[in-house]
Amino acid sequence: MSASPTTADALKAVPLTDDVLTYVRDQAPPLSEVQRALVERTLALGGVSEMQVPPEQGALLTLLARTAGARFAVEVGTFTGYSTLALATGVGPGGRVLTCDVSDEWTAIARQAWEAAGVADRVQVELGPAADTLRGLPLDPVVDLVFIDADKAGYVEYWELLVPRVRPGGLILADNVLYAGEAASPDATGNARAIRDFNAHVKADNRVESVLLTIADGLTIARKKS
Ligand SMILES: C[S@@+](CC[C@H](N)C(=O)[O-])C[C@H]1O[C@@H](n2cnc3c(N)ncnc32)[C@H](O)[C@@H]1O
């Protein structure tokens, strides 16, 4: 049975005003020069820039990768590489991030940032539909951490391709699981419906324990059971 929110619960959820968000971001580590430049470069692309994870979520990805002791991470959805950079920082020297995207143009920007940050040797980009790339990975449970952040209609397939490849105790993260709040509606359509179906899929999956966080556009953190 799920717990319905009460007035007291609602009071615990802090409205994210500009001031509060600025304060939250002030608590995260300051952006490096490379991160700052990558944010600027991505903003110059226009509206698509909103696909980039925000700084506090990038910091969380690094922290989770470090906490999980991740040495091999798989990312679905590179874009201009901000989240990849966060993961590459988290896996540390000698670690590896395999990241999937379909865009030459956006991943070219990403590569420049990884070079500038000195982590390019840890990152392998696979261009093409992510499902094809993931199907081609060995079926060994050797992946320590997964970050899913690409086309919403593909989330369930990515999940099913990746969970068997994650080691027991490894983490599977999925972004945009609130879809601007639209996923909460039983009448959700389009991408919001795809996300709602994905969330139900995760909830029903006995291979993992998971929690949906209200950071940014919603982030699910799942841990593969031993
Ligand atoms: C939300 S963005 C990723 C943002 C990135 N994680 C970041 O923080 O900067 C989604 C990315 O998924 C890519 N994408 C969309 N459909 C895809 C597919 N079928 N296979 C691989 N990548 C895909 C898009 O090209 C886009 O760059």
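Here is a short report on the structure shown in this document. (Residues numbered from 1 in each chain as written. Predicted model: local features only at pLDDT ≥ 70, side-chain atom pairs only at ≥ 80, totals over all residues. Heavy atoms only, no water.)

1. Some points on the nonpolar core
Nonpolar side chains in soluble globular proteins generally cluster together in the buried interior.
No. 1: Of all hydrophobic cores here, the largest spans 31 residues; its most connected members are Trp114, Leu145, Phe147, Leu171 and Leu173.
No. 2: Of all elements in the fold, only α3 (33-43), α4 (55-67), α5 (82-91), α6 (104-117), β3 (123-127), β4 (143-148), β5 (166-175) and β7 (219-224) reach the threshold of two or more residues within this core.
No. 3: Per-element tally for this core: the top contributor is α5, with six residues.
No. 4: Residues within four places of Leu173 in sequence aside, it is in contact with Leu61, Leu64, Leu145, Val146, Phe147, Ile148, Leu219, Thr220 and Ile221.
No. 5: Residues Val74, Cys100, Ala131 and Ala183 belong to the second largest nonpolar core, which totals 28 residues. (Core = buried A, V, L, I, M, F, W, Y, C linked by side-chain atoms within 4.5 Å. Buried < 20%, exposed > 50% of the residue type's maximum accessible area, 1.4 Å probe, protein only. Helix = DSSP H or I, 4+ residues; strand = E, 2+ residues; numbered from the N terminus. Contact = heavy atoms within 4.5 Å.)

2. Thoughts on the pattern of salt bridges
No. 1: Summed over the entire model, instances satisfying the criterion amount to nine salt bridges.
No. 2: The closest approach of N and O atoms between Arg193 and Asp197, which form a salt bridge, is 3.4 Å. Of this pair, Arg193 and Asp197 both sit in helix α9 (residues 190-203), four residues apart, roughly one helical turn.
No. 3: Assessed through its relative accessible area of 27%, Arg193 is described here as partly exposed.
No. 4: Given a relative accessible area of 39%, Asp197 falls into the partly exposed group.
No. 5: Among the salt bridges present, the one from Glu209 reaches Arg223, with a minimum N-O distance of 2.9 Å. With Glu209 in strand β6 (residues 208-213) and Arg223 in strand β7, the pair connects residues that are 14 residues apart, well separated along the chain.
No. 6: Judged by its relative accessible area of 42%, Glu209 is partly exposed.
No. 7: Connected via shared salt-bridge partners are Asp132, Arg135 and Glu157. (Salt bridge = Lys/Arg side-chain N within 4 Å of Asp/Glu carboxyl O.)

3. A few points about unusual backbone geometry
No. 1: Positive phi is not limited to glycine here, since Tyr179 has a value of about 45°.
No. 2: Under the relative-accessibility criterion, Tyr179 is labelled partly exposed at 24%.
No. 3: Of note in the backbone geometry, Ala180 takes a positive phi value of approximately 55° without being a glycine.
No. 4: When you line up the elements, Ala180 lands in the loop between β5 and α9.
No. 5: The exposure class assigned to Ala180 is exposed, which follows from its relative accessible area of 67%.

4. Observations concerning the site of the ligand
No. 1: Neighbouring residues of the ligand: 20 residues in total, closest Gly77, Ser83, Asp101, Ala130 and Asp149.
No. 2: At 3.4 Å, a side-chain N or O of Tyr158 approaches a nitrogen atom of the ligand.
No. 3: Considered on its own, the ligand offers 610 Å² of accessible surface; in the complex 88% of this is hidden by protein. (Near = heavy atom within 4 Å. Polar contact = N/O pair within 3.5 Å; in protein donor to acceptor, adjacent residues only side chain to side chain. Areas by Shrake-Rupley, 256 points an atom, 1.4 Å probe, with all protein chains shown as cover.)

5. Structural notes on the packing of α3 against α6
No. 1: Where α3 meets α6, the axes come as close as 10 Å, and the angle between the chain directions of the two elements is 165°. Taken together, the axes of α3 and α6 lie roughly antiparallel to each other. Relative to α6, the crossing made by α3 is right-handed. Of the residues in α6, those in contact with Val34, Leu38 and Arg41 of α3 are Ile109, Gln112, Ala113, Ala116 and Ala117.
No. 2: Taken together, the residues of the contact of α3 with α6 break down into six nonpolar, one polar and one charged. (Axes fitted to C-alpha atoms, helices over the stretch in contact; angles between N-to-C directions. Parallel < 35°, antiparallel > 145°, perpendicular 65-115°, else oblique. Left-handed = near helix turned anticlockwise from the far one by under 90°. Nonpolar A, V, L, I, M, F, W, Y, C, P; charged D, E, K, R; others polar.)

6. What about the pairing of β7?
No. 1: In terms of residue burial, β7 counts as a mostly covered element, since five of its six residues are buried.
No. 2: Bridge count between β5 and β7: five bridges; the pairing is antiparallel. Residue pairing for β7: Ile172 is matched across the bridge by Ala222.
No. 3: As defined by bridge partners, β6 adjoins β7 across six bridges and the pair is classed as antiparallel. The residue of β7 that forms the bridge with Leu213 is Leu219.
No. 4: Between the end of β6 and the start of β7, which pair antiparallel, lie five residues, with Ala216 showing a positive phi angle near 50°. (Pairing = 2+ DSSP bridges.)

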